[in-house]
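Residues per chain are reported as follows:
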Amino acid sequence: MQELDIAGLGSVRVTRKSDNVVVLEKDLATEQMLLAMGPQHPSTHGVLKLECLTDGEVITEAEPYLGYLHRCFEKYCENIDYPAIVPYTDRMDYLSGMNSEFAYAIAVEKLLDVEIPRRVEFIRVIVAELNRIASHLVAIGTYGIDLGAFTPFLFCFRDREHILSLLEWASGARMLYNYIWIGGLSQDIPADFNKRVKEFVDYFKPQVVELYKLLTENEIFVKRTKGIGIMPADVAINYGWSGPMLRGSGVKWDIRRNDPYSVYPELDFIVPVPDGRFSDVGDCLSRHLVRALEIDESLKIIEQCIDKMPGSQGFNPKAAIPKRIRPKAGEVYGRAENPRGELGFYIQSDGKSTKPLRCKARSSCFVNLSAMKDLSKGQLLPDLVAIIGSIDIVLGEVDR
Amino acid sequence: MNLTALSHFSIPFLMGNSLNAWSEALVGFAPMGLPLGLVILAAIPLVFIAVYALTYGVYGERKISAFMQDRLGPMEVGKWGILQTLADILKLLQKEDIVTSSADKFLFVIGPGVLFVGSFLAYAVLPFSSAFIGANLNVGLFFAIGIVSIEVVGILAAGWGSNNKWSLYGSVRSVAQIVSYEIPAAIALLCGAMMAGTLDMQKINILQSGSWGFAHFFLFQSPIAWLPFLIYFIASLAEVNRAPFDIPEAESELVAGYFTEYSGMKFAFIFLAEYASMFMVSAIISIVFLGGWNSPLPNIGYFSLNDMTNGPVWGVFWIITKGFFFIFVQMWLRWTLPRLRVDQLMYLCWKVLTPFAFVSFVLTAIWEIYVR
């Protein structure tokens, strides 16, 4: 076999079959085109740039470029007091601020070794799970948009609105809450909060079913996601994936269960893992299914928390908050299950300062996104969009 | 088939109700030797497209999608936002007409024009009423199928001329899609033509008149007519780039496809062309399968509903109503379904719709020859 480059014909493959027969085969591979997808592109979910080498509709290589939303979170942390970092964690994953605060609070409380009142723990779990539902609704809705279905997105946002008003009622802010403080909460929940949450849960359950019918069970949606972007479990673990991404690959790993924190051990919920009945394990549909099923589990958790929560008599949400946070010298790694995976904070204290010596955030989105290059190889352009959507990145957390 | 007798709604100054009376009178209207009537004849569908696109196409779609999505839609400009579209048009008129420096100016400018002309030309053979048709061709249906292909040239010119990679993707996809889907669409329409035995649009309509109303429509005249009807409807969605086949302008993949670089009135023209094609395919499907300007109401005993609701003016009402119904279905699908992938679209066309179109073609032929 011999490759010739004849002017005007492109690359021509010459195969000698026998002495007399020569097969000339014009190579179908054409010139590759460099396609910059993003930073301004509707389906990169923010300011992500993917530099794709394309051969027609096929992506031969896609390289993600990050950093358009970098805000020096870690450097900031070295210059501000421990409690002042909490609002910054909101701005990392702005779709699930409560969960980010929760993870940070867990890390610092581990360093301080404080006892948290039981009611605080339950309130934290309720707001975190509410926020998890809101975040998954955005993920599912925008995933619908990526695949061309606009209506599920608005249905998701309609229901998310109820959660945001609930959280606004509790914390005073719609997205950037600053509600979970180190050792407690900024304030107690309003008097009727639990009742309203219960009302929301009752209202929301049929809506989830409607969403299943509209999107998850849609023939075209399944066709677009099933078998696309398959990530085997071992590769997913090697990449350090976590959260719905890892569970989508069939690994039953949920920090709420595997490294329990707060009151999660007392609560009854399952960790949904696709079994290959509705989807090929590890594909985009599995990841979507995990998110969809987690909404149900979160609703279950919220209901249990409301039932088990101690009353508000003599309750002071700030009782366990230290007056001046100056941890003894040491280092700690605290983590929590965020909607997008494991969010961990590694904090180093020198024992003298009220500011951390070093505060590193282990971002789930960043780690999940790192597999992009592997996942996108040889995919079609529409599938690339489906894969990015299924990773469910929030660039605020990727770049920090 | 006595059409004149059916008309209870004739307006005297419109000069009788015989076939194509209005349009022929207009053609004859030539003061001082100027073919003014011809110009008016051509302008009527244009005005119709503009009015329909503004009211039903843009405002209607926004309100319908809002209704489906649990929103209100435009509410600010005027009562219930009815003036929103006018405000949008004003905005588009004021916008700077940008031609990017790297664009191929000639192609970039003629693209939207060709696109619109392609879909507008098909209006020449759409019978809006028994008394009105732009050009009464004896191969009207064939002309309508063929002339729409000119759109492809406009799309390719727009996408290539923009010199933008996303536009190029969009236009190449679009051309592949439209050219492919013309085959099942044309075969499906051939079934209708076979049932009529003619390609003349007016004759196809006349053959579907009768006192039983809808029972005379071709859709109900043969047990297999629903198959070409469905095939044509699906293929027409792809031909006008509507969801779930809006792959050429897939906003989440290609930003806006072949019209990414357009702004101002050129953009408006592309949109107008899209709405024009939407009504065009809806009108064709209602002419070939649902009786066009014939009333669907049957004569029941004493109540001769069919007689009461037929006539040139009623014809305009019926064909527009039927067309709008199909446009509503198009909108409905658009706001419900996700988008197919490029290869799935081609699979659907070549391996599902085309074989079924052939099957329906053969079955219709057998039905027409041996049964009817």
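Residues numbered from 1 in each chain as written. Chains lettered and ligands numbered in written order. Predicted model: local features only at pLDDT ≥ 70, side-chain atom pairs only at ≥ 80, totals over all residues.

Chemist: Please explain the overall build of chain A as it appears in this structure.
Modeler: Counting its regular elements, chain A contains 15 helices and 11 strands. Taken over 400 residues, chain A has a buried fraction of 48%. Put simply, 68% of the contacts in chain A that link residues at least 6 apart link residues at least 24 apart. (Helix = DSSP H or I, 4+ residues; strand = E, 2+ residues; numbered from the N terminus. Buried ≥ 20, exposed ≤ 12 C-beta atoms within 10 Å, placed from the backbone. Contact = placed C-beta atoms within 7 Å.)

Chemist: Mind showing me how you'd approach the overall build of chain B here?
Modeler: Summing up its helical and strand segments, chain B has 15 helices and 4 strands in all. Computed over C-alpha atoms, the radius of gyration of chain B comes to 21 Å, within 12% of the 21 Å expected from 2.2 N^0.38 for 372 residues, which places it in the range of a compact globule. Reported as C-alpha extents along the three principal axes, the dimensions of chain B are approximately 65 × 55 × 50 Å. Of all 372 residues assigned to chain B, the portion counted as buried reaches 49%. Counted over contacts in chain B with a minimum sequence separation of 6, partners at least 24 positions apart contribute 77%. (Rg over C-alpha atoms; globule rule 2.2 N^0.38 Å.)

Chemist: Whenever I open this one, unusual backbone geometry confuses me. Can you help?
Modeler: Among all residues except glycine, the phi angle is most often negative; among peptide bonds, the trans geometry is most common. Notably, D113 of chain A is not glycine yet its phi reads approximately 60°, a positive angle. Structurally, D113 of chain A can be placed in the loop between α3 (97–112) and α4 (118–146). A residue is classified by how many C-beta atoms lie within 10 Å of it, and D113 of chain A, with 9 of them, is exposed. Positioned with a positive phi, D70 of chain B is a non-glycine residue whose angle comes to about 60°. Tracing the backbone through its elements, the reader meets D70 of chain B in the loop between α3 (36–68) and α4 (84–94).

Chemist: Can you help me understand the sheet that holds strand β5 (residues 49–55) of chain A in this one?
Modeler: The pairing of strands in a sheet comes from backbone hydrogen bonds and takes either a parallel or an antiparallel form. All names here are of chain A. Pairing in this open sheet of 3 strands is antiparallel, and the strands run β4-β5-β6 from one edge to the other. Each edge of the open sheet carries a strand with a single partner, namely β4 (33–37) and β6 (58–65). Pairs of neighbouring strands in the sheet enclose a mean axial angle of 20°, with direction left out of account. Pairing between β5 and β6: 7 bridges, direction antiparallel. Residue pairing across strands places T54 opposite I59, the latter belonging to β6. (Pairing = 2+ DSSP bridges. Axes fitted to C-alpha atoms, helices over the stretch in contact; angles between N-to-C directions.)

Chemist: Honestly, the packing of α4 of chain A against helix α5 (residues 151–171) of chain A in this entry has me stumped. Any pointers?
Modeler: Axes are the key here: two packed helices are described by the angle between their axes and the distance separating the axes. Residue and element names in this part refer to chain A. The contact between α4 and α5 brings their axes to 9 Å, and the two run at 160°. One finds that α4 runs roughly antiparallel with respect to α5. Two packed elements cross with a definite hand, and for α4 against α5 that hand is left-handed. Here V127, L130, N131, I133, A134, L137, V138, I140, G141, T142, G144 and I145 of α4 lie close against α5, whose contacting residues are P152, F153, C156, F157, D159, R160, I163, L164, L166, L167 and A170. Of the residues contributing to the contact of α4 with α5, the split by class is 17 nonpolar, 4 polar and 2 charged. (Parallel < 35°, antiparallel > 145°, perpendicular 65-115°, else oblique. Left-handed = near helix turned anticlockwise from the far one by under 90°. Nonpolar A, V, L, I, M, F, W, Y, C, P; charged D, E, K, R; others polar.)

Chemist: Would you mind showing me how to read the environment of I163 of chain A here?
Modeler: All names here are of chain A. Along the polypeptide, I163 turns up in helix α5. Separated by 33 residues in the primary sequence, I163 and L130 have C-alpha atoms spaced 6.5 Å apart. With sequence-adjacent residues up to four places away left out, I163 is seen in contact with L130, I133 and A134.

Chemist: Sorry, what's going on with the domain arrangement of chain A here?
Modeler: Accessible area lost upon the coming together of the parts serves often as the stated size of an interface. For chain A, the domain assignment lists domain 1 (1–30) and domain 2 (70–399). Each of domain 1 of chain A and domain 2 of chain A has a C-alpha centre, and these two points are 55 Å apart. (Domains from an automatic or database assignment.)

Chemist: Whenever I open this one, the interface of chain B and chain A confuses me. Can you help?
Modeler: Chain B puts 23 residues into the contact, and the matching count from chain A is 27 residues. Contributing elements (two or more residues each) for the side of chain B that touches chain A: α11 (251–254) and α15 (342–371) of chain B. In terms of residue class, the side of chain B that touches chain A is made up of 10 nonpolar, 4 polar and 9 charged.

Chemist: Would you mind showing me how to read the sheet that holds strand β9 (residues 330–338) of chain A here?
Modeler: All names here are of chain A. Read across the sheet, 3 strands follow the order β9-β10-β11 without closing on themselves; strand pairing throughout is antiparallel. The sheet terminates laterally at β9 and β11 (358–362), the two strands that pair on one side only. Strand-to-strand twist of the sheet, defined as the mean angle between neighbouring strand axes without regard to direction, takes the value 15°. Both β9 and strand β10 (residues 341–349) contribute to a ladder of 9 bridges, which runs antiparallel. Residue pairing for β10: G334 is matched across the bridge by F345. Sitting on the sheet, α3 touches β9 and β10, and the angle it makes with β9 is about 150°.

Chemist: Even after reading the chapter, I still don't get the environment of N310 of chain B, so can you show me in this structure?
Modeler: Examined against the element boundaries, N310 of chain B turns out to sit in the loop between α13 (305–308) and α14 (312–334). Among the residues examined, N310 of chain B registers 26 C-beta atoms within 10 Å and is labelled buried.

Chemist: How should the packing of helix α5 (residues 105–121) of chain B against helix α7 (residues 150–161) of chain B be read in this particular structure?
Modeler: All names here are of chain B. Two numbers describe how α5 lies on α7: the axes approach to 7 Å, and their chain directions differ by 160°. The angle between the axes of α5 and α7 places the two elements in the roughly antiparallel class. As for how α5 packs across α7, the hand of that crossing is left-handed. In this structure, α5 contributes L107, F108, I110, G111, P112, V114, L115, V117, G118, S119 and L121 to the contact, and α7 contributes I150, E151, V153, G154, I155, A157, A158, W160 and G161. Residues belonging to the contact of α5 with α7 are distributed by class as follows: 14 nonpolar, 5 polar and 1 charged.

Chemist: Just to check I follow, could you spell out the environment of N164 of chain B for this structure?
Modeler: Residue and element names in this part refer to chain B. Within the secondary structure layout, N164 lies in the loop between α7 and α8 (165–196). Along the chain, N164 and T198 lie 34 residues apart, while their C-alpha atoms are 45 Å from each other. Other than its neighbours up to four places away in sequence, N164 contacts T260 and E261.

Chemist: What am I meant to see in the pairing of β11 of chain A here?
Modeler: Residue and element names in this part refer to chain A. Residues C359 and A361 line the buried face of β11, whereas the alternating positions R358, K360 and R362 sit on a face that is not buried. In this sheet, β11 lies alongside β10 in antiparallel orientation, the contact comprising 5 bridges. Within β11, the residue paired with I347 across the bridge is C359.

Chemist: Looking at this structure, how should I read the confidence of the model for chain B?
Modeler: Fine structural detail should not be taken from predicted coordinates in areas where pLDDT scores are low. Residues and elements named next belong to chain B. Considering every residue of chain B, the mean pLDDT works out to 82; 95% of them sit at 70 or more. Across chain B, the secondary-structure element scoring lowest on mean pLDDT is helix α1 (residues 3–6), at 44, and the one scoring highest is helix α10 (residues 226–239), at 89. This stretch, residues 1–16, has a pLDDT under 50; its non-local contacts, to residues over four places away or in other chains, come to 28 contacts. Scored by ipTM, the complex comes to 0.78, with pTM at 0.83. (pLDDT = per-residue confidence, 0-100.)

Chemist: For this particular structure, what's the right way to read α10 of chain B?
Modeler: Residues lying three or four places apart along an α-helix face the same way, a consequence of the helix completing one turn every 3.6 residues. Residues and elements named next belong to chain B. The end-to-end C-alpha separation of α10 is 19 Å, in line with the 20 Å expected for 14 residues at 1.5 Å each. Buried residues dominate α10, accounting for 10 of its 14 residues. Buried within α10 are the following residues: P228, F229, I231, Y232, I234, A235, S236, L237, A238 and E239. Residues of α10 that are buried make contact with α8, α12 (264–289), α14 and α15. Immediately downstream of α10, the backbone of N241 shows phi near 60°, a positive value. (Expected span 1.5 Å × (residues − 1).)

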